[in-house]
Amino acid sequence: ESSSPLEFSVFVAPGRYLQLDDVVHVRTALPDGRAIDVYGVVDEVNARHEGVQLTSDVALVREGILPAEPVVSAHVAVTRVEPEVYVPPMPGDAVRLAEGEARGRALFFDAMERRFPFGLARGDLVNAEPVYGNLDFLDGRKGAHVNISGISGVATKTSYATYLLYALFEGQRLGDLTANARALIFNVKGEDLLFLDRPNRKLDDVPTLREEYAKLDLPAGPFGSVGFFAPVRRGEQPLPDTGTRSEGVTGFFWTLREFCEQGYLQFMFVDADTEQTQIANLVDTVSTHLRMEVRKSASDKMSIDGVDVTTFDELVDAIETHLDIDPESTMPSWAGRGYGQASLGTIRAFMRRLQAAARHLGHLVRSNQFGDAATHRIERRKQITVVDLHRLHDRAQRFVVGVLLHELLEEREGIGASENVPPVFVVVDELNKYAPREGTSPIKDTLLDIAERGRSLGVILIGAQQTASEVEQRIVANSSFRIVGRLDTAEAQRAEYRFLGTTWRQRATLLTPGSMVVQQPEIPVPLLVRFPHPSWATRKSEVAAGSLAAAPGGSRDIMARFDDAPPLD
C-alpha cells in the first residue's frame, strides 16, 4: 500500500502477527544516508486471500483447487518521527515491534519528566506494559482536568476516577505536594465510595491483583487518608444519614446564619432555565436583603426585623412575608416598589420553587443551637474527602455540590494563583446534570469557572458522565485528558467523540469493564488501557476480614498518614 509521513501499511510475514494497539518502529533512509526513525500504533489489521477475485473463491482455495495464499496486513498511525523530517517509510523497510526504550519514545514517555500510570496496555500480565500520562497536563502546570464518558454500570467511570486518585496519592506522583494535595469526591450512586479506607478481600482471593499494581509501581491496598461526610438526618439529632456504614462518618449541615450571609439561596434555584427568567434577579435581591438582616442580628443568631428565625421553614415564611407587594402594606417589600418591582407571577414562581426545594433540603440548614456547627462542617483535613449524597433528593444534591464548589473557589481565590499551591482534585459524577449543554444556572457557572480558571488556582476537575454530548461544550474542551469507556452506538457517532476516529468509535462500543480509551495532549492517537480491580473495598461485602475493626475511618482514621494531629488510640 502507498505510505505517507503520517500513516503506512505493514505486510505481516508468515509465522508473525500484529494486533490492534501494538507499537511498531521502522527505520528508513534519506538519499544523503541519514536514518529517520518512524514510530506508530497499529489501528487496523486486515486478512485476505491474495490471488482471488470472487468471494466464493475462498472455498476453492481451501480445497486446493485455486492457488492463493492468506495475507495479513496492518495499518499504522504515525505517532513520532525522529528527527522531524517527514518523509514516508520506503517499501521494503523492515518494521519491528517497539519494545523497551523504543516503545517509550514512540509514546513520548521519555519526554515526560513527571508522569503517572494511566493503567496497563492490553495483553497478558507478563507482557503488558504501563501506559503513562504527563502530570504537567493534569496538575495545572501546562493543562488540567479530566473528562470521562461511558455507559452507566459498564464503563466503570467512578472506579477509574478513584484509580487515578489512588495512583496520584498512594503512588506519591505529586512529589513534594502530595502531603498537602487534596481530593473532594461527591458520592451520588450507592455506597461504592464509603469504604475507600478498607482493603478489598480480592487482594487475597486474586493472586495476580498485587502483581498488576506492582507492574504499575503502586502499592496494593486501601486509601491511607480518607474523611467521610454525609448529610444529617431529619430530626433533632445531627446523625449522618448513611446506609451500611455509620462509624467514622460525620454528619454535616449549614447554619441559617451561614446560609444567609454567604448567599447560598442561589443554589436552591439550579434549574437550567432560571437565568432566562426574572427569578434570577429576584434571587439576587432577596439574598442582598438576607445579608443585611445578618448584619443586624446577634452574632450567635439569625433574626429578621428583630424576630429570631430558628428553622428553615420560618426563614421561608419570613421571605414570603417580605415579598408582599400590596401597595397598602406599610412593610417595605423585598420585591421592590414601582419601577423594577418584581411581578406577581415572578414572586409566585420564586416561592413555588423555594418551597419545593425546602421540602427536600430544609433539614440541611439549621439554627446555631442545633449542636456545635463547627463539628458538622465539611473540612478537607484528610487527603480524600468523600461527601455522600446518594440518599438525598436531586435538588438537595445540587445544592450541596453547588455550595461546596463555591466555597472551594472562594478559598482558592483567597490563596491566589501560584505554581506551588497544592492541587485540589474534584470528582463530579453525572456532570451533565450539573452543567448541561443548554441553559445556565449557578452550579453550571461555577463548574465552567473551574474548567476555564481552575488550572491557575490549583482546582482540577475530574468530571464523568454517560454522554459528553449533553455536557457544556467548553467544560469538555478544557479537559486535557479525555477518557472513554463503553459507549452507546448512537452516542459514539456524536461530534464530541470525533477525536477517536472511525475505528476507535467502533471499538468503544465493545469495551469491557476495566478497559478505557485515553486521549492525551502529547500523543496524537488514542491508547487503550486497562486498570486493575480496586484494591480498596467498593462495598461492605468486599471489605477484607478483620479490617472493619482495625480501621475506624472518617475524621478519626488511625490509618491517616498526613494529619497534623497525632493518631488516636
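Rules and cut-offs
Chains are numbered independently. Their residues run from 1 in the order of the written sequence. Local features in a predicted model are, by the rule used here, given only for residues with pLDDT of at least 70; side-chain atom pairs are given and counted only at 80 or more, and totals for whole chains, interfaces and linings are based on all residues. The basis for every side-chain value is the complete set of non-hydrogen atoms in the structure, without hydrogens or water. The term salt bridge refers to a side-chain nitrogen of Lys or Arg lying within 4 Å of a carboxyl oxygen of Asp or Glu. Numbering of helices and strands runs from the N terminus; a helix is a DSSP stretch of H or I covering at least four residues, while a strand is a stretch of E covering at least two. Relative accessibility under 20% of the residue-type maximum defines a buried residue, over 50% an exposed one, and the middle range a partly exposed one, all with a 1.4 Å probe and only protein chains included. Any two of the Phe, Tyr and Trp rings considered here, Trp counted by its six-membered ring, make a pair once their centres fall within 6.5 Å; the pair's planes then place it as stacked at under 30 degrees, edge-to-face at over 60, or tilted in between. Only lysine NZ and arginine CZ atoms are considered, and such an atom sits over a ring when it is within 6 Å of the ring centre and within 35 degrees of the ring normal. Space inside and on the surface of the protein is sampled on a 1 Å grid over the protein atoms alone, with a cavity defined as a set of points where a 1.4 Å probe fits but cannot get out and a pocket as an open set with protein on both sides within 12 Å along at least 5 of 7 lines; lining residues have an atom within 4 Å of a point. Grid points are joined across faces, edges and corners, and a volume is the space filled by probe spheres set on the points. Any residue that is not Ala, Val, Leu, Ile, Met, Phe, Trp, Tyr, Cys, Pro, Asp, Glu, Lys or Arg is counted as polar, Gly included; the first ten are nonpolar and the last four charged. A pair of strands is considered paired only if DSSP assigns at least 2 bridges between the two. Working convention: axes come from line fits to C-alpha atoms, limited for helices to the stretch in contact. Angles between N-to-C directions cover 0 to 180 degrees. Working definition of a nonpolar core: buried Ala, Val, Leu, Ile, Met, Phe, Trp, Tyr and Cys residues. They are joined through side-chain atoms within 4.5 Å. Residue contacts follow a heavy-atom distance rule, with two residues in contact if any of their heavy atoms lie within 4.5 Å. Any angle between 65 and 115 degrees counts as roughly perpendicular, while under 35 counts as roughly parallel, over 145 as roughly antiparallel, and the rest as oblique. One less than the number of residues in a helix, times 1.5 Å, gives the span that helix is expected to have. One axis is fitted to the seven residues ending at the residue and one to the seven starting there. The bend at that residue is the angle between these axes. The score called pLDDT rates the predictor's confidence residue by residue, from a low of 0 to a high of 100.

Draft legend 1. Representation of the pattern of salt bridges within the structure. Under the definition given, this model contains 32 salt bridges. For Asp394, the salt bridge identified is with Lys433, shortest N-O distance 3.0 Å. One end of the pair, Asp394, is in helix H10 (residues 394-415); the other, Lys433, is in helix H11 (residues 431-434), and 39 residues separate them in sequence. Glu472 serves as the salt-bridge partner of Lys444, at 3.2 Å between the closest nitrogen and oxygen. Note that Lys444 is positioned in helix H12 (residues 442-457) and Glu472 in the loop between strand E18 (459-465) and helix H13 (473-477), a separation of 28 residues in sequence. This pair shows no difference in class: Lys444 is buried, exactly as Glu472 is.

Draft legend 2. Expanded view of the packing of aromatic side chains. Going through the model one piece at a time under the given rule, you end up with 17 aromatic pairs. Between Phe118 and Phe481, the aromatic rings sit 5.3 Å apart at their centres with planes inclined by 65 degrees, giving edge-to-face as the arrangement. Of this pair, Phe118 sits in strand E6 (residues 115-120) while Phe481 is found in strand E19 (residues 481-484), placing the two residues 363 residues apart along the sequence. Between Phe169 and Phe425, the ring centres sit 6.1 Å apart and the planes meet at 85 degrees, which makes this aromatic pair edge-to-face. Residue Phe169 is located in helix H3 (residues 157-169), and its partner Phe425 is located in strand E17 (residues 424-428); the two are separated by 256 residues in the primary sequence. The class of Phe169 is buried, set by a relative accessible area of 0%. For Phe425, a relative accessible area of 0% translates into the label buried. One residue, Arg245, lies across the ring of Phe228, its end atom 4.3 Å from the ring centre. Between Arg507 and the ring centre of Trp504, over which it is positioned, the NZ or CZ distance is 4.0 Å.

Draft legend 3. Representation of empty space enclosed by the protein within the structure. According to the stated counting rule, one finds 1 cavity of 30 Å³ or more in the structure shown. A volume near 50 Å³ is recorded for the largest cavity. Going through the elements one at a time, strand E8 (146-149) and E19 are the ones with two or more residues in the lining of the largest cavity. Here the lining of the largest cavity takes 3 residues from E19, the largest share from any one element. In terms of residue class, the lining of the largest cavity is made up of 6 nonpolar, 2 polar and 2 charged.

Draft legend 4. How the structure looks around the sheet that holds strand E5 (residues 95-97). Strand order in the open sheet made by the 5 strands is E1-E4-E3-E2-E5, with antiparallel pairing throughout. For this open sheet the edge positions go to strand E1 (7-12) and E5, each flanked by a neighbour on one side alone. Across this sheet, the average inter-strand angle for adjacent strands is 40 degrees, counted without regard to direction. In this structure, strand E2 (residues 23-29) lies alongside strand E3 (residues 35-50), joined through 7 bridges in antiparallel fashion.

Draft legend 5. Structural view of the nonpolar core. Core analysis: the biggest nonpolar cluster contains 72 residues, and Phe350 and Phe399 have the highest contact counts within it. Looking at which element gives the most residues to this core, the answer is H10, with 9 residues. Ignoring sequence-local partners within four residues, the contact set of Phe350 consists of Leu265, Phe269, Ile279, Leu282, Val283, Val286, Ile319 and Leu323.

Draft legend 6. Quick look at the packing of helix H7 (residues 279-296) against helix H9 (residues 344-361). The geometry of H7 relative to H9 is characterised by a closest axis approach of 10 Å and an angle of 70 degrees between their N-to-C directions. When the axes of H7 and H9 are compared, the pair comes out roughly perpendicular. Contacts from Ile279, Leu282, Val283 and Val286 in H7 reach Thr346, Ile347, Ala349, Phe350 and Arg353 in H9.

Draft legend 7. Here's a closer look at the pairing of strand E21 (residues 527-530). Judged by which residues are buried, E21 turns out to be covered on both faces: Leu527 and Val529 on one side and Leu528 and Arg530 on the other are all buried. Where strand E20 (residues 515-519) and E21 come together, 4 bridges link them in antiparallel fashion. Each bridged residue has a counterpart across the sheet, and for Val517 the counterpart in E21 is Leu528.

Draft legend 8. Quick look at H12. A rise of 1.5 Å per residue sets the reference length of H12, with its 16 residues, at 22 Å; its end C-alpha atoms lie only 19 Å apart and thus fall more than 12% short of the reference. By the largest-angle criterion, Ala451 marks the main kink of H12, which is about 50 degrees. Taken together, the buried positions of H12 are Pro442, Ile443, Lys444, Thr446, Leu447, Leu448, Ile450, Ala451, Gly454 and Leu457. Tucked inside the fold, the buried residues of H12 contact H10, E17, H11, E18 and H13.

Draft legend 9. Structural context of the environment of Lys189. Here Lys189 is to be found in the loop between strand E9 (182-187) and helix H4 (202-205). The exposure class assigned to Lys189 is partly exposed, which follows from its relative accessible area of 29%. With 240 residues separating them along the chain, Lys189 and Asp429 place their C-alpha atoms 8.8 Å apart.

Draft legend 10. Main features of the confidence of the model for the chain. Predicted confidence across the chain gives a mean pLDDT of 87, with 90% of residues reaching 70 or more. Segment residues 549-569 is flagged for pLDDT under 50; beyond a separation of four residues in sequence, or across chains, it makes 48 contacts in the model.

Draft legend 11. Looking closely at the layout of surface pockets. One number sums up the size of the largest pocket: a volume of about 880 Å³. Lining the largest pocket are 33 residues, and of these Leu18, Asp22, Val23, Leu97 and Glu99 sit closest to its centre. Elements supplying a minimum of two residues to the lining of the largest pocket: E1, E2, E5 and E21. Its residues assigned to classes, the lining of the largest pocket comprises 19 nonpolar, 5 polar and 9 charged.

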